[in-house]
Amino acid sequence: MTRRYRAACAYALACGIFLCIPGAYPEDLLPPAAPPPSTPELLERGGLLFAKECAACHGAEGRGDGPAAYLLYPKPRNLVDGDFRIVSTWERLPTDQDLFATISRGMPGSAMPPTPQLSAEDRWGLVHYVKSLSPRAWPGGIGASGAAAAAGNQGLIAVPPVPELTQETRERAAKLFADGCAACHGTTGRGDGQQAQFDSDGFPTRPRDLTKGIYKGPATHESVYRRIVAGIPGTPMPMSDWASGEQAALLAQYVLELSSREQRAAYEPRRETLTAFRSDHIPGHPDSREWQSAAPLSLRITPLWWRDDSADRVTVRAMHDGSEIAIQLVWTDATNDHTAIRAEDFRDAAAIQMSPNTAPPFIGMGAKDSPVNIWMWKSERQASLETAFQDIETVYPNIGIDSYPNPETSPLEQPARHALTLKSAPVFVTGWGARNIVSDPTYRLSAEDLNARGFGTLSACPLEHQAIAAIGRYDTSTYSVTFKRSLRSANDDQLDLKPGATVSIAFAVWDGSNGDRDGKKSVTIWHELKIQP
Amino acid sequence: MCNVHFPAIALGLALLFAPGFAEAGNITGKVTFEGPAPEMKPIALSADASCVAMHTDKPLLSEVLVLGEGQSMANVLVSVTAGLPEKDYPLPSEPVVLTQEGCRYAPHVIGIRVGQTLRVLNPDGLLHNVHSAPKSNTPLNKAMPKDLLELETVFDKQEEPFPFKCDIHPWMQAWCAVFDHPYFSVTGADGTFAITGLDPGDYEITAWHERLGKRTATVTVAEATDANAGFVFSKTPPASPK
Ligand SMILES: [Cu+2]
C-alpha cells in the first residue's frame, strides 16, 4: 500500500463524507505553493496516465472527442483549444495550481471525475501534460513561482483577507449581490434569474443555483473570490472586476454562506471503503431483515448528462457468509411516477463493477492488463424489449438510444442514437435476457455477469458461468437491488473474492424514470470493497 | 540630446514638404435592399421588467434588418479589402463608443482599429454583461452593474465582424470588426457610406451584413474625387463568381 493511498484511506475513515470540514480540503487535493517542475520523466508519466484515465472522455489528443464524449453534458473540455473555466489570473488563464485542483477534485456539476486514486506527483504529471497539449502561451511562471501577486491587474489575482460577515456587512453583501449577480443568479441565489443562457460552444447552460453547493472550482473563499473577479471563461459568468477588493471578498463569503459545508462536501466524492460484513445469514432479497446489521455506505453518484435534480446518492451494503456475498444498492428516484410507458420501461438498471486491483484501471471499462467484472441488473421490461422498443419509438421518435444500457460497451460508453439494433447488447434485443424473469410484478430477477478488458472487449460470461442472482424492487420512489453470488470462482473470467481480500468497486445506476432522454446513467468513482475475513 | 532631436525635426520637415503627394479621393455610395422586405418583430423584453418599462411607448424591434426610405439598408459595414499599401496608419485618439441604452446596443455595427480604445457605456442603471465572442482576439465578458457607467478595452488583432451580446438580455446584440487601416464605414439609416482619404488607385471593397452576408465590388479612385459604389442586397445570395 503506497503512502498516498493510505493517506486517502485514513482520510476517508477519519472523515466520512458528511463529517468533513470543507474549506479544510485534504491537503493533497489542494496544491502546495511550489509544484514540482516539469521534467521529461514527469511529462511522460503524465502522458501515460492521460491515455489511461482521461482519453476516454477528452480524446487521445485531448480534443474533447473521446469515445464517451457524446454521452456527457457538459461536454469534456477541448484541452488543445485550452478554453479553461477555472482560472485565477487577470489574463483568465489557469495557473498550475488551478489545473492541479481541477484534476484532483474533478468538476462537481459535470462528469469530470476526481482522481483520489492518483498520487500528488502523478497529478502534477497530468498538469504538465495537459499544459503541453495546448499551444497557447501560459502565464509565464505564475503557477510555477506559486504566488506573489503581480502589480496591477496582471498575473495571479491577489485575494484580500476573509471578511467577517456581521449584520452590517451581510446587508452590504446582499445589496452588492442584488446589483451585480441577481439578474442571473436570482435574488435568492437559486439560479432563477435569466435562465436561457449558452456557453461559448452554443450548449445550453444556466446560472448556478448557489444554494445547492455545487462548485466547479474549489469552494474556498480564496478560490470563489477569484471566480467572481475573473468570471468563468467560456460561460456567461462574467468578470466582476468592478468588485475586486473588499466587495468581492464580501461577495465570496456571502455566496459560500448560501450553501452548507455538508452540501458542498457531498458533491466532492472521495474514495470510500465498503465493508462486506461476515454473518451467518446473508440476505437474498432487498427487504431481508439481515440488511439492518450491515452498516450502510452512502456514495455520491454523478449523472453523466448533468441534471441538478437527478438522484445524487446511492446507498450500498455488503454481507457475506464465507461462501456467498450479497451486495445491495438503494437509490431514490422521486420522479418515478410519471407516465407508465416511461416510468416502467427497460431503462432501469444497476451495475456493480469490480477490479481485483487496488490500483484499478480506467473506470469506464477496464484495460487490457487489468480486467473488470461487471454485474448488471435490469428491470423486467428489458425482456420484452422488442415490443417495448417499438412502443417507445412511436411515442418518442427521437428517444436517446443510449437509454438502453449496453453492457458490451461499459456504463460510460453507450450506443449512439438510432444505433439500437446493431449496437445494443444482444441481451436486450433477443430473448436471452428473459431467462431469469419472475412474473411477480414487484420482484424482479435479472442479472448478467460480464467482463471487460478495455473498450469494445466486453463480453458476457458463458451461460454456464452465469451465477448471479439479482432482485430489484421499486417502492415509493426508491429502488433497491440485491445482487448475490458465490464468493469464490474458479472460472478465470470471473472475479474470485476471498474472505479477507480487498478489491476495487464502482457502481452505476440507470435512472429510467426521468422523462428525459440522453445519458440517463449515473456513476460513482472507484471505491474499495473489503471482505471481512 | 541634440543628436536625438535633430533628425526627428529633419524628418518632420521632410514629410511636410515632400513633393509628389497626390490628393486623396473617396469612395461613397448607398446600400439598398431588393425585394419584399420582411417585417421585423417586436422583441419580448419580459426577461427584465426594467427593460419593459423603458419601451412602453414604442416596442423595440429586432435589428436584424433595418431599412429606411426607398429600402435603404442601415448597419452594413463597408470596408476596403484589397489594394491598400502595407503601412502603419495613424491611430485616432478618439475612442469608438458602444452604448447600452434601453437594453439595446447602439450602434448596432461598429468598426474599430487595432489598438484603438473601445469605450462601452452603461447609462441604463441596471446590470448588463458585455460579452464578446471573437475568434482571434481575446474574448471579453465583463459585468457592468448600474454604478459602473463605462469601461474600456482594446483589440490587438484585426478580425472580421464578431458579436457582442449580453447574457442577461439575450436579444441584445452588436457586431464589431477590427481593422488595421482606417478605410471602413457603416451605413446609416439612409443607407449611405463614405470611405475617405484614399490614395488614387484600384480597390476592392466589401459590404457585410449580419444575415445577408457579403458583396464585393472593385472601384477606381481618382485624385481628389468621389468614386461611387452601390450595393444591393436581397434574400437570395448572389450567384457565386465561378
Ligand atoms: Cu443587458
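Residues numbered from 1 in each chain as written. Chains lettered and ligands numbered in written order. Predicted model: local features only at pLDDT ≥ 70, side-chain atom pairs only at ≥ 80, totals over all residues. Heavy atoms only, no water.

1. Details of the interface of chain A and chain B
Here is step 1: Each side of the interface is counted separately: chain A has 18 residues, and chain B has 15 residues.
Here is step 2: Roughly 1300 Å² is buried in total at the junction of chain A and chain B, and carbon and sulfur atoms are behind 56% of that figure.
Here is step 3: For the chain A face of the interface with chain B, the top three residues by lost area are Asp179, Gln194 and Trp242 of chain A, together amounting to 35%.
Here is step 4: Where chain A packs against chain B, one counts two salt bridges.
Here is step 5: Ionic pairing is found between lysine 142 of chain B and aspartate 241 of chain A, a salt bridge with its closest N-O pair at 2.8 Å.
Here is step 6: The interface formed by chain A and chain B contains eight residue pairs in polar contact (both at pLDDT 80 or more).
Here is step 7: Those elements that place two or more of their residues in the side of chain A that touches chain B are α7 (167-180), α8 (182-185) and β1 (197-198) of chain A.
Here is step 8: Of all the elements, α7 of chain A adds the most residues to the side of chain A that touches chain B, at three residues.
Here is step 9: Class assignment for the residues of the side of chain A that touches chain B results in nine nonpolar, five polar and four charged. (Contact = heavy atoms within 4.5 Å. Buried area = accessible area lost by both parts, 1.4 Å probe. Salt bridge = Lys/Arg side-chain N within 4 Å of Asp/Glu carboxyl O. Polar contact = N/O pair within 3.5 Å; in protein donor to acceptor, adjacent residues only side chain to side chain. Helix = DSSP H or I, 4+ residues; strand = E, 2+ residues; numbered from the N terminus. Nonpolar A, V, L, I, M, F, W, Y, C, P; charged D, E, K, R; others polar.)

2. Observations concerning the sheet that holds strand β2 (residues 77-82) of chain B
All names here are of chain B.
Here is step 1: Across the sheet, four strands lie side by side as β12-β2-β14-β15; this open sheet has antiparallel pairing. If you trace the sheet from one side to the other, it starts and ends with β12 (184-186) and β15 (213-221), each paired once. Shown here is a sheet whose adjacent strand axes are inclined to one another by a mean of 25°, direction ignored.
Here is step 2: Note: β2 against strand β14 (residues 201-209), five bridges, orientation antiparallel. From the neighbouring strand, valine 80 faces β14, where its bridge partner is isoleucine 205. (Pairing = 2+ DSSP bridges. Axes fitted to C-alpha atoms, helices over the stretch in contact; angles between N-to-C directions.)

3. Quick word on the confidence of the model for chain B
Residues and elements named next belong to chain B.
Here is step 1: On average, residues of chain B score 88 in pLDDT, and 88% of them are at 70 or above.
Here is step 2: For residues 1-20, every residue scores under 50 in pLDDT, and the model assigns this stretch two contacts once sequence neighbours within four places are set aside.
Here is step 3: Two summary scores accompany this predicted model of the complex, namely pTM at 0.84 and ipTM at 0.86. (pLDDT = per-residue confidence, 0-100.)

4. Here we look at the coordination of the copper ion
Residues and elements named next belong to chain B.
Here is step 1: Within the protein, the copper ion binds to His128 (ND1), Cys166 (SG), His169 (ND1) and Met172 (SD); these donor distances fall in the range 2.0 to 2.7 Å.
Here is step 2: Around the copper ion sit four donor atoms; with metal-centred angles ranging over 92 to 136°, the donor geometry is irregular.
Here is step 3: Along the chain, the residues donating to the copper ion are arranged with the sequence spacing H-x37-C-x2-H-x2-M. Neither residue differs from the other here; histidine 169 and methionine 172 are each classed as buried. (Donors = N, O, S within 2.8 Å, 3.2 Å for Na, K, Ca; no water. Tetrahedral: all angles 85-135°; square planar, octahedral: opposite > 155°, others 65-115°. Buried < 20%, exposed > 50% of the residue type's maximum accessible area, 1.4 Å probe, protein only.)

5. Some points on the side chain of histidine 55 of chain B
Residues and elements named next belong to chain B.
Here is step 1: Residue position: histidine 55 is located in the loop between α2 (49-54) and β2.
Here is step 2: Histidine 55 sits in the buried class, given a relative accessible area of 17%.
Here is step 3: Polar side-chain contacts of histidine 55 include one of 2.7 Å to the backbone oxygen of glycine 102.

6. Digging into the domain arrangement of chain A
Residue and element names in this part refer to chain A.
Here is step 1: Domain assignment breaks chain A into domain 1 (22-132), domain 2 (167-266) and domain 3 (273-531).
Here is step 2: Residue-level contacts link four residues of domain 2 with four residues of domain 3.
Here is step 3: A buried area of about 320 Å², summed over both sides, lies between domain 2 and domain 3, and 49% of it is on carbon and sulfur atoms.
Here is step 4: By residue class, the composition of the side of domain 2 that touches domain 3 is two nonpolar, no polar and two charged. (Domains from an automatic or database assignment.)

7. Looking at the nonpolar core
Here is step 1: Phe50 of chain A together with Leu118 and Phe164 of chain B are the most contacted members of the largest nonpolar core, which totals 74 residues.
Here is step 2: Among the elements that make up this core, the one with the highest residue count is helix α10 (residues 246-256) of chain A (eight residues).
Here is step 3: For phenylalanine 164 of chain B, the contacting residues outside a window of four places in its chain are Leu98, Tyr105, Leu118, Val130, His131, Ser132, Leu140, Phe155, Met172, Gln173, Ala174 and Cys176 of chain B.
Here is step 4: By size, the runner-up hydrophobic cluster in this structure holds 33 residues, among which are Ala318, Ile327, Ala350 and Ile352 of chain A. (Core = buried A, V, L, I, M, F, W, Y, C linked by side-chain atoms within 4.5 Å.)

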